[in-house]
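# Structure at a glance
These are the residues of each chain, in order.
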Amino acid sequence: MSFTFEKAQCYGILNRLFEHVSYVEGFKSSKADTELFGKFEETPDSSAYPHLTRWYKHIATTNNLTAKPAAAGGAAEDDVDDLFGSDSEEDEAAEKLKQERLAAYHAKKAAKPKVIAKSSILFDVKPWDDETDMAELEKEVRKITMEGHHWGGSKLIPVGYGIKKLQIQCTIVDDLVSTDDLQEKMTDLEDFVQSVDIAAFNKI
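For the structure given in this document, a descriptive report is provided here. (Residues numbered from 1 in each chain as written. Predicted model: local features only at pLDDT ≥ 70, side-chain atom pairs only at ≥ 80, totals over all residues. Heavy atoms only, no water.)

## Some thoughts on the overall build of the chain
From N to C terminus, the chain includes 7 helices and 4 strands. Along its sequence from the N terminus, the chain presents helices and strands in the succession α-α-α-α-α-β-α-β-β-α-β. Within the chain, buried positions represent 29% of all 204 residues. Partitioning the intrachain contacts of the chain with sequence separation of at least 6 by distance along the chain shows that 68% fall at a separation of at least 24. When the accessible area of the chain is evaluated, it comes to approximately 13500 Å², of which 53% is carbon and sulfur surface. (Helix = DSSP H or I, 4+ residues; strand = E, 2+ residues; numbered from the N terminus. Buried < 20%, exposed > 50% of the residue type's maximum accessible area, 1.4 Å probe, protein only. Contact = heavy atoms within 4.5 Å. Areas by Shrake-Rupley, 256 points an atom, 1.4 Å probe, with all protein chains shown as cover.)

Printed below as a string of structure tokens:
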């Protein structure tokens, strides 16, 4: 019997089936396997249908059945594969589609705006004594500028003995500004500043 398109379809379906299971039904050889075995006129081509061939030879061995010789007209099978597309070509197309979708996903992800992490910090800036000009102190503090840093509101808070501290808020971009650097710059104002402490730190 010549190799037909209908047989090629059947072999292809069975090959994909036996890629995932060992028997037609259940987990051991059954009557369904021997009945299907009897319908074969030849041993399937192992190069084209490796999983089907494995099943065919296994059923022959476990049930003491005689495997029939492979068909001589292998070229006809190749012709059918060339005409309607082999499994490998289908796999290549599926892999190409997968890669295209993956590339599109990464491109979309890269184009998505990045969330910029920011923090709000409240500093307590303490002067040396009650004679320190707090207006001038705040003026000097606000002269400190850094990329990703912005000063906010401020107020003077009494701490005792006529001394007031400057409480000043600022917003920073976490990746650009170090709180240690900012504190150090304020502490460097030695004529005005005795110490600088963080009163509050909150992520925005």
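Don't stop here, the text continues.
## What about the sheet that holds strand 3 (residues 163-173)?
The strand order 2-3-1-4 describes an open sheet built from 4 strands, whose pairing is antiparallel. Only two strands of the sheet have a single neighbouring strand rather than two, namely strand 2 (149-160) and strand 4 (193-203). Each strand of the sheet is rotated relative to its neighbour by a mean of 20°, with strand direction disregarded. Sheet topology places strand 1 (residues 118-127) next to strand 3; 8 bridges connect them, and they run antiparallel. Along strand 3, the bridge assignment pairs Phe-123 with Ile-168. Packing against the sheet, helix 6 (residues 134-142) makes contact with strand 1, strand 2, strand 3 and strand 4, and its axis sits at approximately 15° to strand 3. (Pairing = 2+ DSSP bridges. Axes fitted to C-alpha atoms, helices over the stretch in contact; angles between N-to-C directions.)

## Brief notes about the side chain of His-149
Looking at where His-149 falls in the secondary structure, it is placed in strand 2. His-149 has contacts with Ile-144, Cys-170, Thr-171, Ile-172, Val-177 and Leu-182, leaving out every residue within four places of it along the chain.

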